[in-house]
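# Chain and residue survey
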Amino acid sequence: MLKTIGCGQLRSADAGREVVLAGWVHRRRDHGGLIFVDLRDRDGLVQVVVDPASAPDSHPVAGMLRSEWVVQVTGTVSERPEGSRNPDLATGDVEVEAAEVRVLAESRTPPFYVNEDVEVDELLRLRYRYIDLRRPQMARVLALRHRVVKFIRDFLDARDFLEVETPILIKSTPEGARDYIVPSRVHPGSFYALPQSPQQLKQLLMAAGVERYFQIARCFRDEDLRADRQPEHTQLDLEMSFVERDDVLALIEELFTSLVAEVTPGRKLISPFPRLTHAEAMATYGTDKPDLRFGMPIADLSAAAADSGFRVFSAAIESGGVVRGLAAPGQGAMPRRRLDELVDLARARGAAGLVWMGLPDGVDPAGLTPEQVRSPAAKFLSAGEVRAIASATGAGAGDLVLIVAGPAGSTAAALGQLRTEMGRRLGLADPDMVAFAFVYDFPLFERDDESGGWTAAHHAFTMPKAGHAPAIESDPGSVLADSYDLVANGYEMASGSIRVHERGLQERILRVLGYTDEQIDQRFGQLLGAFEYGTPPHGGIAPGIDRLVMVLAGLESIRDTIAFPKTQSAVDPLFGAPGPVEDRHLGELGLRIV
């Protein structure tokens, strides 16, 4: 080995020890005699002192060093003099007195600073990802990801789960997004698909008697990207036989509670994890992945506004819609410009508009009059209506009430976005908290806006909630699924369900989704056949590793949790992928570009 210890591992107890270090020059300072070098490796930084009196041959070498040169240092650990210690550095109590400095590799001037925490264009970071990953904050994220995955493996191994690998080249099956497809040279005109998830494969493992399966699985989805999506992502794929919903949720709650305590000590949790039905989450928070680190719930104002002289409210209710609102604390005097921004935000989420109502400071909401309220709707509201709205939303003196009227779906979406935005602006979310919660009882089917037909809300293999199967054909929109999500801090962290394990029920669901009997046999025959040979009841869940690490690390993009990610346009700037292939290769595959 060219090193005997990591740079960041040295402490006061090592004083007097002879060590050999190797790493990158993080920073060099020449004090007109003594040369100080901050040497960095994966473990951290340590200060190296090169004295011309004790290292005459190495002092000229140290004088030539530049940022990101790779060097080896042989020397002795010593305590730093009083007054020169660095409490912000793990090795800040010691330094290494160099006896020899040897250059292992030189470096061109890097395209951005590794030794400074500065904003760098993401495209440049990804083009030089191997340099970006040297930065201490990126190295910490990779180490965190490693610890997360190791904890998961050890936790599940201790609970009798088997880790089983499943194929990457499979047949195209519907999973909710477009497949990436791979042409076959051996079978011209035929294609493999990269798995969006190992869904059918893990169910086949349940049919095979594995009973408790997991995999740190690579999944591929050709879909429009955003901050928490990538064309290829990693998930913990987990399946269990002979279980019901609460068995799966109990295991996942224990896993995540233990993981956070072990891997990120000091992070706060809500325990036990709150449980909400999908309907409750949408009505109270306007989203099925609510951020529970702060309150500001949405209130139903329909009863208070049913007989209102304000036609925006009464007309919405007469047409079958709702009136709902929330109270933003201390924002009653918000400037009109910022209020207009909130109106635009509500409209962007499908609302016809936004009604705002600023409550004055120092006035008990129970005694409010319309004249005391700052709102364009005040002159249309009675004192009773103003007080009822304030009471229902929990608004206090000096608060701002935001109200949306219209169809329930667009109203929920608009208020959910407003709640998230106000929580962000006001800094209401505790950054040290990971607020996990379970959401369950999702619809089994939802309407496809383009075709008008039915599509699976989760996926096609989800068991209907007990007692709901009879309505699958007659009233698909009323059928609830025995499915569940784990959410945290406004993100979906995991999605799962109890699965269908009977051929007849599975075929009924697939027919509602528009598949013909021929298509059902062609696409799902392998799974349906297994159902005829004694497949046990089973269920599972699939937490996303990338999103989990993103939340634990306090990041805003999963790209910063992946060693070599794609851009938001699914491009790899480092390798230049995707790119063309040679005509010879296309010919071998029986393909041509049109």
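So, a few notes on the structure that sits alongside this text. (Residues numbered from 1 in each chain as written. Predicted model: local features only at pLDDT ≥ 70, side-chain atom pairs only at ≥ 80, totals over all residues. Heavy atoms only, no water.)

## Observations regarding the sheet that holds strand S15 (residues 355–358)
- Within the open sheet, the four strands sit side by side as S13-S14-S16-S15. Their pairing is antiparallel. Only two strands of the sheet have a single partner each, and these edge strands are strand S13 (299–300) and S15.
- Bridging between S13 and strand S14 (residues 322–328) involves two bridges; their strand directions are antiparallel. Paired with aspartate 300 across the two strands is arginine 324, which belongs to S14. (Pairing = 2+ DSSP bridges. Helix = DSSP H or I, 4+ residues; strand = E, 2+ residues; numbered from the N terminus.)

## A short note on the packing of aromatic side chains
- Counting across every chain of the model gives 10 aromatic pairs.
- Look at phenylalanine 256 and phenylalanine 436: their rings are 5.3 Å apart centre to centre, the planes differ by 75°, and that puts the pair in the edge-to-face class. Here phenylalanine 436 lies in strand S18 (residues 436–440) and phenylalanine 256 lies in helix H6 (residues 245–263), a separation of 180 residues in the sequence. Take phenylalanine 256 and phenylalanine 436: they sit in the same class, and that class is buried.
- By the ring-pair criterion, three or more aromatic residues cluster together here, those being Phe256, Phe273, Phe436 and Phe438.
- It is arginine 127 that lies over the ring of tyrosine 128; its NZ or CZ is 4.9 Å from the centre.
- In this structure, arginine 447 is placed above the aromatic ring of tryptophan 454, and the distance from its NZ or CZ to the ring centre is 3.9 Å. (Phe/Tyr/Trp six-rings, centres within 6.5 Å; stacked < 30°, edge-to-face > 60°. Buried < 20%, exposed > 50% of the residue type's maximum accessible area, 1.4 Å probe, protein only. Lys NZ or Arg CZ within 6 Å of the ring centre and 35° of its normal.)

## Quick look at the sheet that holds strand S22 (residues 491–498)
- Strand order across the open sheet formed by eight strands is S6-S9-S10-S23-S22-S21-S18-S12, with mixed pairing between neighbours. The open sheet has two edge strands, strand S6 (162–163) and strand S12 (275–277), and neither has a second partner.
- By the bridge criterion, nine bridges tie strand S9 (residues 212–220) to strand S10 (residues 232–241) in an arrangement that is antiparallel. Along S10, the bridge assignment pairs tyrosine 213 with glutamate 239.
- Contacting S6, S9 and S10, helix H4 (residues 136–157) runs over the sheet at an angle of about 150° to S9.
- Together, S12 and S18 form the strand contacts of helix H7 (residues 278–285), whose direction differs from that of S12 by roughly 90°. (Contact = heavy atoms within 4.5 Å. Axes fitted to C-alpha atoms, helices over the stretch in contact; angles between N-to-C directions.)

## Structural notes on the packing of H4 against helix H15 (residues 545–553)
- At a minimum axis separation of 10 Å, H4 and H15 run at an interaxial angle of 120°. Taken together, the axes of H4 and H15 lie oblique to each other. Regarding H4 and H15, the two cross each other, and that crossing is right-handed. Note on element contacts: H15 touches H4 through Ile545, Asp546, Leu548, Val549, Leu552 and Ala553, opposite Val141, Leu144, Arg145, Val148, Val149 and Ile152.
- Taken together, the residues of the contact of H4 with H15 break down into 10 nonpolar, no polar and two charged. (Parallel < 35°, antiparallel > 145°, perpendicular 65-115°, else oblique. Left-handed = near helix turned anticlockwise from the far one by under 90°. Nonpolar A, V, L, I, M, F, W, Y, C, P; charged D, E, K, R; others polar.)

## A word on helix H11 (residues 383–393)
- Along H11, the residues that are buried comprise Glu385, Val386, Ile389, Ala390 and Thr393. Seen end-on, H11 carries its buried residues on one side only, within an arc spanning 130°.
- In this structure, the buried side of H11 is in contact with S13, helix H8 (302–305), helix H9 (311–318), S14, S15 and strand S16 (400–406).
- Count one or two residues on from H11 and you reach glycine 394, which has phi positive near 75°. (Arc of directions from axis to C-beta.)

## Concerning the environment of serine 410
- One can find serine 410 in helix H12 (residues 408–425).
- C-alpha of serine 410 to C-alpha of alanine 351: the two residues are 59 residues apart in sequence and 5.7 Å apart in space.
- A polar contact is formed between the side chain of serine 410 and the backbone oxygen of proline 407, at a distance of 3.3 Å. (Polar contact = N/O pair within 3.5 Å; in protein donor to acceptor, adjacent residues only side chain to side chain.)

## Section: the pattern of salt bridges
- Throughout the structure, instances matching the rule amount to 43 salt bridges.
- Ionic pairing is found between glutamate 82 and arginine 85, a salt bridge with its closest N-O pair at 3.7 Å.
- The exposure class assigned to glutamate 82 is exposed, which follows from its relative accessible area of 70%.
- Judged by its relative accessible area of 32%, arginine 85 falls in the partly exposed class.
- Taking the shortest distance from any N to any O, the salt bridge between arginine 511 and glutamate 507 comes out at 3.9 Å. Separated by four residues within a single helix, arginine 511 and glutamate 507 lie in helix H13 (residues 503–512), roughly one turn from each other.
- When salt bridges that share partners are traced, they join Arg125, Arg129, Asp132, Arg135 and Asp560 into one network. (Salt bridge = Lys/Arg side-chain N within 4 Å of Asp/Glu carboxyl O.)

## Structural notes on a nonpolar patch on the surface
- Together, Ile168, Leu169 and Tyr192 line one region of the surface with nonpolar side chains, adding up to about 250 Å² of accessible area.
- You can see isoleucine 168 is positioned in the loop between S6 and strand S7 (181–183).
- A relative accessible area of 37% places isoleucine 168 in the partly exposed class. (Patch = residues over 30% accessible without salt bridge, like charges linked within 9 Å, V, L, I, M, F, W, Y side chains within 5 Å. Areas by Shrake-Rupley, 256 points an atom, 1.4 Å probe, with all protein chains shown as cover.)

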